[in-house]
Amino acid sequence: MMMSRMSFGRHVFAIGGNVNTAKICGVNVEVTLLKVYILAGALAGLAGAMLTSRAYAGNPTFGNMWELDAIAAAVIGGTSLAGGVDSVPMCIVGALIIGVMNKGLNMLGVDPYWQQIIKGMIIIGAVLLDAQKRKKA
């Protein structure tokens, strides 16, 4: 809703598509990016506090390699790594797929090293599909 109905969301979307075009259209790129970084930092801090409260301890290694899961969820959800295309509901579906896959691989006893390789292969496959889709369009 924020991305389509608020000017801040439209500015973020424009910057994600093409920074130079956003500047030409009158978007203050520096201020918008600063707001995005502040929002991302605040949400990361909130997530860290919630994870720490859930685990009853703070550990700097919590969340190692979770960025790969986030990228995989977005790519599986249909977000283009070339920028400018978003689909929040599909990213949620991608996150659910990655979560189910993580739990399934853990239950099967697959080594964490191989789990990362499998996720990387899924990302590569999704990027290749996106490239083919862009080539046809």
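See the structure printed just above.
Here the structure is a predicted model, which is why all the values come from computation and not from measurement.

**Q** So what exactly am I meant to see when it comes to the overall build of the protein here?
**A** If you tally the helices and strands in the protein, you get seven helices and zero strands. Starting at the N terminus, the α and β elements of the protein follow one another as α-α-α-α-α-α-α. Across the 137 residues in the protein, those meeting the buried criterion constitute 18%. Of the contacts formed within the protein by residues at least 6 apart in sequence, a portion of 41% connects residues at least 24 apart. As displayed, the protein offers around 9800 Å² of accessible surface, 70% of which is attributable to carbon and sulfur atoms. Computing the positive centroid from 11 side-chain charges and the negative centroid from 6, the protein places the two 9 Å apart.

**Q** Would you explain the packing of helix H2 (residues 7-17) against helix H4 (residues 29-55) in this entry?
**A** The angle between the axes and the distance between the axes are what describe a pair of packed helices. Their axes nearest at 10 Å, the elements H2 and H4 cross at an angle of 105°. With respect to their mutual orientation, H2 and H4 come out roughly perpendicular. The residues of H4 that touch H2, namely those facing Phe 8, His 11, Val 12 and Ile 15, are Val 29, Thr 32, Leu 33, Lys 35 and Val 36. When the residues that make up the contact of H2 with H4 are grouped by side-chain class, the tally is six nonpolar, two polar and one charged.

**Q** How do you make sense of the environment of Ser 7 when you look at a structure like this?
**A** The topology assignment puts Ser 7 in helix H2. With a relative accessible area of 43%, Ser 7 lands in the partly exposed category. Taking the C-alpha atoms as reference points, Ser 7 and Ile 123, 116 residues apart in sequence, are found 31 Å from one another.

**Q** Even after reading the chapter, I still don't get the side chain of Asp 69, so can you show me in this structure?
**A** With respect to the secondary-structure elements, Asp 69 resides in helix H5 (residues 66-76). Assessed through its relative accessible area of 15%, Asp 69 is described here as buried. A distance of 2.7 Å separates the side chain of Asp 69 from the side chain of Lys 119, its partner in a polar contact. Here Asp 69 is in contact with Ile 98, Asn 102 and Lys 119, once residues within four sequence places are set aside.

The rules behind these values
- Residues numbered from 1 in each chain as written.
- Predicted model: local features only at pLDDT ≥ 70, side-chain atom pairs only at ≥ 80, totals over all residues.
- Heavy atoms only, no water.
- Helix = DSSP H or I, 4+ residues; strand = E, 2+ residues; numbered from the N terminus.
- Buried < 20%, exposed > 50% of the residue type's maximum accessible area, 1.4 Å probe, protein only.
- Contact = heavy atoms within 4.5 Å.
- Areas by Shrake-Rupley, 256 points an atom, 1.4 Å probe, with all protein chains shown as cover.
- Lys, Arg positive; Asp, Glu negative; His and termini not counted.
- Charge placed at Lys NZ, Arg CZ, Asp CG, Glu CD.
- Axes fitted to C-alpha atoms, helices over the stretch in contact; angles between N-to-C directions.
- Parallel < 35°, antiparallel > 145°, perpendicular 65-115°, else oblique.
- Nonpolar A, V, L, I, M, F, W, Y, C, P; charged D, E, K, R; others polar.
- Polar contact = N/O pair within 3.5 Å; in protein donor to acceptor, adjacent residues only side chain to side chain.

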